[in-house]
Amino acid sequence: MKVIQVPFCFYPDTVGGTEVYVEALSRYLQQQGVQVVVAAPGKVSQSYMYSHLKVRRFAISNNFQNLRDIYGEGDPQAALEFSHILEAEQPDLVHLHAFTSGVSLRLVQAVKQRQIPVVFTYHTPTVSCQRGTLMQWGTQICNGELNLQTCTQCTLQGLGLDQISARAIANLPPQIGNWLDTLNLQGGIWTALRMTELVSLRHTVLHALMSEVDHIIAVCNWVKNVLLLNHVPPDKITVIRQALCHEPPEKSHSSQQIVMPTLKIAFLGRLDPTKGIHVLISALQAISELPISLDIYGVSQGVAGEIYQQELQTLAANNSRITFKPPVPAQKAIATLAEYDLLAVPSQWLETGPMVVLEAFAAGVPILGSNLGGLAELVQSEVNGILVEPTSITAWSQALQHLYQNRDLLLRLRSNIQLPPRLETVATQMLLIYRAILHI
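Residues numbered from 1 in each chain as written. Predicted model: local features only at pLDDT ≥ 70, side-chain atom pairs only at ≥ 80, totals over all residues. Heavy atoms only, no water.

K.L.:
Explain the pattern of salt bridges residue by residue, including any values.
P.N.:
Tallied over the entire structure, the rule returns 15 salt bridges. A salt bridge links E247 to R422; the nearest nitrogen and oxygen atoms lie 2.8 Å apart. Pair noted here: E247 is in the loop between β10 (237–239) and β11 (263–270) and R422 is in the loop between α17 (407–415) and α18 (423–438), with a separation of 175 residues, a long-range link. Residue E247 is classed as partly exposed on the basis of its relative accessible area of 44%. We note a salt bridge from K275 to E351, for which the minimum N-O separation is 2.8 Å. With K275 in the loop between β11 and α11 (277–285) and E351 in the loop between β14 (342–345) and α14 (355–362), this pair connects stretches of sequence that are 76 residues apart. (Salt bridge = Lys/Arg side-chain N within 4 Å of Asp/Glu carboxyl O. Helix = DSSP H or I, 4+ residues; strand = E, 2+ residues; numbered from the N terminus. Buried < 20%, exposed > 50% of the residue type's maximum accessible area, 1.4 Å probe, protein only.)

K.L.:
Please provide a residue-by-residue account of the sheet that holds strand β16 (residues 385–388), values included.
P.N.:
Strand order in the open sheet formed by 6 strands is β13-β12-β11-β14-β15-β16, with parallel pairing between adjacent strands. Edge positions in the sheet fall to β13 (322–325) and β16, since each has one partner strand and no second. Averaged over neighbouring strand pairs, the angle between their axes works out to 20° when direction is ignored. As paired elements, β11 and strand β12 (residues 292–299) share 8 bridges and run parallel to each other. Of the residues in β12, the one forming a bridge with K264 is S293. Each of β11, β12, β13 and β14 is contacted by α11, which is oriented at about 165° to β12, the strand it contacts most. The sheet strands contacting α14 are β11, β14 and β15 (367–370), and the helix crosses β14 at an angle near 170°. (Pairing = 2+ DSSP bridges. Axes fitted to C-alpha atoms, helices over the stretch in contact; angles between N-to-C directions. Contact = heavy atoms within 4.5 Å.)

K.L.:
Explain the nonpolar core to me, and be specific about the residues and the numbers.
P.N.:
With 58 residues, the main nonpolar core has L423 and Y434 as its most contacted residues. Of the residues forming this core, the biggest block, 8 residues, is contributed by α18. (Core = buried A, V, L, I, M, F, W, Y, C linked by side-chain atoms within 4.5 Å.)

K.L.:
Outline the pairing of strand β9 (residues 215–218), supporting the account with residue identities and numerical values.
P.N.:
The alternating pattern of β9 places H215 and I217 on one face and I216 and A218 on the opposite face, and all of these are buried. Where strand β6 (residues 118–122) and β9 come together, 4 bridges link them in parallel fashion. Opposite F120, over in β9, you have I216 as the bridge partner. In this structure, β9 lies alongside β10, joined through 3 bridges in parallel fashion. When the bridges of β10 are listed, I216 appears paired with I237. Between the parallel elements β9 and β10, the chain passes through helix α10 (residues 221–229) in a crossover that is right-handed. (Right-handed = clockwise from strand over helix to strand, strands pointing away.)

K.L.:
Describe in detail the packing of helix α5 (residues 148–158) against helix α6 (residues 163–170), supporting the description with residues and values.
P.N.:
For the pair α5 and α6, interaxial distance at closest approach is 8 Å and the crossing angle is 140°. As the angle between them shows, α5 and α6 are arranged oblique. For the element pair α5 and α6, the recorded crossing hand is right-handed. Along its contact with α5, which presents Q149, T152, Q153, L156 and Q157, the element α6 presents Q163, A166, R167, I169 and A170. Taken together, the residues of the contact of α5 with α6 sort by class into 4 nonpolar, 5 polar and 1 charged. (Parallel < 35°, antiparallel > 145°, perpendicular 65-115°, else oblique. Left-handed = near helix turned anticlockwise from the far one by under 90°. Nonpolar A, V, L, I, M, F, W, Y, C, P; charged D, E, K, R; others polar.)

K.L.:
For the packing of aromatic side chains, give the residues involved together with the corresponding values.
P.N.:
The geometry of an aromatic ring pair comes down to the distance between the two centres and the angle between the two planes. For the structure on display, the rule yields 6 aromatic pairs. Judged by centre distance (5.2 Å) and plane angle (80°), the ring pair of F10 and Y11 falls under edge-to-face. You'll find F10 and Y11 in the same group, each marked buried. Through pairs of rings, three or more aromatic residues link up here, namely F10, Y11 and Y50. (Phe/Tyr/Trp six-rings, centres within 6.5 Å; stacked < 30°, edge-to-face > 60°.)

K.L.:
Quick rundown of the environment of I237? Include the residues and the values.
P.N.:
Note that I237 resides in strand β10. Each residue touching I237, except ones within four places of it in the same chain, is listed here: H215, I216, A218, K224, L227, L228 and V232.

K.L.:
Go over the side chain of K275 with me, naming the residues and quoting the values.
P.N.:
The class for K275 is buried, based on a relative accessible area of 13%. Setting aside chain neighbours within four positions, we find K275 in contact with F267, R270, P346, S347, Q348, W349 and E351.

K.L.:
Account for the pairing of β15, with residues named and values stated.
P.N.:
Both β14 and β15 contribute to a ladder of 3 bridges, which runs parallel. Counted as the bridge partner of L343 is I367 from β15. Following the backbone out of β14, through α14 and into the adjacent parallel β15, one traces a crossover that is right-handed. With 4 bridges joining them, β15 and β16 adopt parallel strand pairing. Residue pairing across strands places L368 opposite I386, the latter belonging to β16. With helix α15 (residues 373–378) bridging β15 and its parallel neighbour β16, the resulting β-α-β unit is right-handed.

K.L.:
Provide a residue-level description of the sheet that holds β9, including the pertinent values.
P.N.:
With mixed pairing, 8 strands are arranged side by side in an open sheet as β3-β4-β2-β1-β5-β6-β9-β10. Single-partner strands in this sheet number two, and they are β3 (46–50) and β10. Strand after strand, the sheet turns through a mean of 25° between neighbouring axes, direction not considered. Sheet topology places strand β1 (residues 2–6) next to strand β2 (residues 35–42); 4 bridges connect them, and they run parallel. Counted as the bridge partner of Q5 is V38 from β2.

K.L.:
Outline unusual backbone geometry, listing residues and values.
P.N.:
Omega for the bond connecting Y11 with P12 falls within 30 degrees of zero, at 5°, which places this linkage in the cis form. One can find P12 in the loop between β1 and α1 (17–31). Geometrically, the link from G353 to P354 is a cis peptide bond, its omega value of -5° lying close to zero. Here P354 is to be found in the loop between β14 and α14. Within the chain, W137 stands out as a residue other than glycine whose phi angle is a positive 60°. Examined against the element boundaries, W137 turns out to sit in the loop between β7 (135–136) and β8 (140–141). According to the relative accessible area criterion, W137 is buried, its value standing at 13%.

Below you can see the structure in the form of structure tokens.
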């Protein structure tokens with residue numbers, strides 16, 4: 001069996017949790033006798049080996065300006081380049097792990113034209129939420145139902161419009177956007193006035209994707225609920241949670257009972273406002289008298305990531321308790337986390353994992369996290385971590401203070417942690433799905 005795995009990007013580029021997952025899944029599938037090729041968008045089309053994996057990069061458009069392609073079926077050039085990979089590799093099955101202009105409906109159509117089955121894994125809320133967070137108005141959990149007016153309003157408000165203006169524009173018929181498109185009017189206010197057309201197009205394409213693919217993997221329960229709410233047949237969905245991508249080092253699951261005077265906290269992950277590091281820093285600033293340290297192992301992706309990192313460094317300026325450190329390679333995350341008392345996960349969006357929670361559990365480290373989405377599915381508050389209101393700086397400050405002052409609680413949380421499953425188990429489950437689709 002030959003399978004092409006298609007993430008958003010891949011090594012040696014700066015990667016996120018999805019790519020770490022894809023690399024590990026591919027590695028374990030190969031151990032079970034599956035031929036795996038990783039195909040990911042890139043600046044140029046090229047082939048190379050990475051950690052015993054064959055990697056094919058397909059070039060995306062350098063000057064991508066058509067809004068209907070961005071919101072709709074996707075990048076024609078990327079689909080064409082991916083078609084060349086299909087012709088060369090002749091896979092039995094294709095497994096998509098992203099839904100973007102580069103990894104788009106056009107790619108799925110290219111695969112299905114060759115009568116090759118497609119599996120799709122829903123990794124982040126960007127798959128179905130145009131705002132990208134599944135947080136309505138940025139403050140409350142959305143049920144994920146695709147509703148043109150509601151989604152348009154929320155998208156516009158997320159782009160900086162006030163709610164009154166957002167609601168007014170969301171009442172415009174999509175035909176207005178079609179007319180503006182014929183005049184080639186886009187950017188700024190013109191894009192805003194086209195938003196009902198663009199969101200409607202995105203919804204149509206998402207429904208088409210869900211219809212075209214042969215099976216969908218939901219990595220947590222809330223994803224399955226969103227899919228069901230949007231009329232995806234239940235027999236087309238399988239929940240397979242994420243798992244440890246790397247073997248934990250020996251004695252990483254610590255039962256250490258030593259209580260240090262300083263409460264040591266780590267953050268590992270992408271530097272993006274959705275990850276909420278600004279909330280965590282502000283909360284720590286509010287309790288400046290307590291000996292609590294925060295080490296931020298941040299991954300900066302693109303210009304937006306660099307800008308946010310600068311904002312965080314400004315926010316944390318002159319606070320010696322907060323340190324910015326280089327990113328940790330995925331294979332060293334567990335060992336790094338074992339040196340800390342807590343992992344902080346102040347996410348401001350619906351996570352589907354995140355993977356770093358499993359790595360912390362493998363290290364025997366409790367979680368202080370947002371009471372949202374996949375986090376709330378992995379962490380039992382007052383059992384193996386503490387969950388707090390995501391946006392409340394006061395709630396985060398109180399939780400930090402409470403954990404510092406109650407070290408017995410911290411030790412109890414640590415003692416309740418169970419080792420998470422390894423991705424080898426996920427690969428076995430995935431292989432069963434592949435075989436069922438291929439009737440082998």
